Structure formats: structure tokens, C-alpha cells
Amino acid sequence: MPNATDVKSQVVCPWESLQTLYGPPNIKWCEERLCSYIQEPANTWSNLSYLLVAFLIFIKFRKANQQVTRDLSTVIFIMGSLSFVYHATNNFLTQALDFLGMYLFTSYLLAFCVRQILPAIRNQFYRIYFSFLLVNLCIFCLFLFVGIPIQMSVLINAIVVIAISLMVRRNSLGLGNTSRSFLYAIVFFLLAQTLSILDITRTFCIPNHAFLQGHAIWHIFSSIGIYFLSQWMVERSDLSNERFIN
């Protein structure tokens, strides 16, 4: 008769085959991983905040600028969904898809900011957007090849977006000073990043807590930041007195 140890060793957890085939993620957040279809409950379910923000953006801003609103709500919904799948399954393939979702959003922000500084290129917006997306994917592959943590690619995106956004204040369109929406977005992004750092360094870490997980709170705070940033983007597109994308 098999003992308890033998029975436990025969248990196959969901997604184990994917983890064996594609390998584990390159990072381990504080939350304890369960032998379940949702391996990191707090980190997984907190991604619903992105889906909620996507819905709110579509409902609230659809009359202000339909094209921008549709783009943003779609990209944010995809990003949140891919992050949900990644934290539920925890393997490198879904982690790569999670990064794809983030690149879809950050590349859109980069293209938007460039459009604000160079309004003459508005008819080439999608070409610029997909160019940034391709560059991000190349950086992702390069970082993997040379051994640089792939999380640095998102940090680089964030720094470039903030730098170019601040340049909007001085562009030839005279769009004025940075709005409160942009400042609120920066505050929530900084709070989110702080919680994420506290999580990964195990400074704030309760592995088996149902919801007090730094990375989960990062999802919530960053989704709030994205909401305010989206409001800023809609404001800027309105101030130009022309459609953002023809």
C-alpha cells in the first residue's frame, strides 16, 4: 500500500506540462504558488482591475474621441487578460505573452507622445505604433540572449514615455502644462512600482496571504494610473482640434 509521500509525489498539478515544456518564468513573486488552475490567486484576480479600467475608458470617453477610446480600451483589455493567464499558469511562454501585452500598451503610449510632438505624422500613427512594438520585441529577444532581466525593457519604456510626455509641454502646438490627470497617473505608477519592488525584494512579503501581495497591489495601482493617463491622452487629443487618427 503506497504511503502518503508516494501519493503526493504522483499528484500532477495543472499547467505542469507547460512549465516542463517552456520552463519557469524568470522571476518569482512573493505569493505562494498553489497546485491549482489559479496558481497565484491574488496576482491573478487583481488583473481584473485592468479589465474594469478598459470598460470604464470605453464607456466614459467614447464621445470624446472614439478612435483613441477604442484603441486604449482594447489594448488595456488584452494586457490585463494576458497578465491574468500568466499569473494563473506560471510558465515562460505565458510570461512572454504577458510582456507582449505590456508592449502593446507602452508602444501605443510612445506613438501617442511622438504624435503630440510631431503632429504632421498623424496619418502614420499605426506605422509608428507597430514600429515601436517591433523594437520592443527585438529588445525582449536581445535581453534574453545577453542575460539582462527582461523586466528592464518595461522600465526603459516607462522612462522614455515620461520623458517624451514632459516634452509635450514645450511642443509647437502650445498645449499648455501637464494636466492633473498626468500627475495623478505618475503618482499611482510610482506607488505601484514601490509595492512591486517591496514584493520582489521580499521586504513586504506574506506568501500565503489571500490579497496582501505587493505585486497584486501593483496591478491595482497601475490600472488606476492607466485610467488617469488615458484621461490625459483623451484631453490632449481633444486640444489638438482634430481627429487623433484619420
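In this text, all values refer to a predicted model and were calculated from it rather than measured experimentally.

## Examining the overall build of the chain
Working step 1: Assigned secondary structure in the chain consists of 10 helices and 0 strands.
Working step 2: Counting helices and strands in the order they occur from the N terminus, the chain gives α-α-α-α-α-α-α-α-α-α.
Working step 3: Counting only residues that meet the buried cut, the chain has 44% of its 246 residues in that class.
Working step 4: Summarising the internal contacts of the chain: among those between residues at least 6 apart in sequence, 74% fall at separations of at least 24.

## A word on the packing of helix α6 (residues 92–117) against helix α7 (residues 125–146)
Working step 1: Running from N to C, α6 and α7 point in directions that differ by 140°, and their axes come no closer than 8 Å. The pairing of α6 with α7 is recorded here as oblique in orientation. As for how α6 packs across α7, the hand of that crossing is right-handed.
Working step 2: For the contact of α6 with α7, the class distribution of residues is 19 nonpolar, 3 polar and 1 charged.

## Regarding a nonpolar patch on the surface
Working step 1: A cluster of nonpolar side chains, namely Leu 142, Phe 145, Val 146, Ile 148, Met 152, Leu 155 and Ile 159, defines an oily patch on the protein surface of about 680 Å² accessible area.
Working step 2: At the level of elements, α7 and α8 (151–167) are the ones that each hand at least two residues to the nonpolar patch.
Working step 3: Structurally, Ile 159 can be placed in helix α8.

## Topic: the state of the cysteines
Cysteine pairs can be covalently joined through their sulfur atoms, and such a bond is termed a disulfide.
Working step 1: By the definition in use, this model includes 2 disulfides.
Working step 2: Here Cys 13 pairs with Cys 35 through a disulfide, and the sulfurs are 1.9 Å apart. Its S-S torsion of about -115° marks the bond between Cys 13 and Cys 35 as left-handed, since a negative value means left-handed. Here Cys 13 is found in the loop between α1 (4–9) and α2 (16–22), whereas its partner Cys 35 is found in the loop between α2 and α3 (41–45), with 22 residues between them in sequence.
Working step 3: Disulfide partner of Cys 30: Cys 205, at an S-S distance of 2.1 Å.

## A few points about helix α4 (residues 48–61)
Working step 1: In a regular helix each residue adds 1.5 Å, so 14 residues correspond to 20 Å; α4 covers 20 Å between its end C-alpha atoms and thus fits that length.
Working step 2: All of the buried residues along α4 are Ser 49, Tyr 50, Val 53, Ala 54, Ile 57 and Phe 61. Looking straight down α4, one finds that the buried residues subtend no more than 145° of arc, so they occupy a single side.

Parameters and conventions
- Each chain carries its own residue numbering, running from 1 in the direction its sequence is written.
- Only residues with pLDDT of 70 or above have their local features reported here, since the model is predicted, and side-chain atom pairs are shown and tallied only from 80 upward, although totals for entire chains, interfaces and linings are computed over all residues.
- In computing side-chain values, all of the structure's heavy atoms are included and hydrogens and water are not.
- Helix numbers and strand numbers start at the N terminus; a helix is a DSSP run of H or I with at least 4 residues, a strand a run of E with at least 2.
- Partly exposed residues are those whose accessible area sits between 20% and 50% of the maximum for their type, while under 20% is buried and over 50% is exposed, using a 1.4 Å probe and protein chains only.
- The criterion used for residue contact is that any of the two residues' heavy atoms lie within 4.5 Å.
- To get an axis, a line is fitted to the C-alpha atoms, and for a helix only the part in contact is used. The angle between two axes follows their N-to-C directions and goes from 0 to 180 degrees.
- Note that the term roughly parallel is reserved for angles under 35 degrees, roughly antiparallel for angles over 145, roughly perpendicular for angles of 65 to 115, and oblique for everything else.
- Left-handed is the label given to a crossing in which the near helix is rotated counterclockwise from the far helix by less than a right angle, and right-handed is the label when the rotation is clockwise.
- Residue type decides the class: Asp, Glu, Lys and Arg count as charged, Ala, Val, Leu, Ile, Met, Phe, Trp, Tyr, Cys and Pro as nonpolar, and the leftover types, Gly among them, as polar.
- Like charges within 9 Å and nonpolar side chains (Val, Leu, Ile, Met, Phe, Trp, Tyr) within 5 Å are joined into patches, using only residues over 30% in relative accessible area that form no salt bridge.
- The Shrake-Rupley method, run with a 1.4 Å probe sphere, supplies the accessible areas, and residue values consider only the shown protein chains as cover.
- When a carboxyl oxygen of Asp or Glu lies within 4 Å of a side-chain nitrogen of Lys or Arg, that pair is called a salt bridge.
- For this text, the term disulfide refers to a pair of cysteine sulfurs within 2.5 Å.
- A helix is expected to span 1.5 Å multiplied by its residue count minus one.
- The arc in question is the one traced by the directions running from the helix axis out to the C-beta atoms.

Scope: geometric values only; no functional claims are made or implied.
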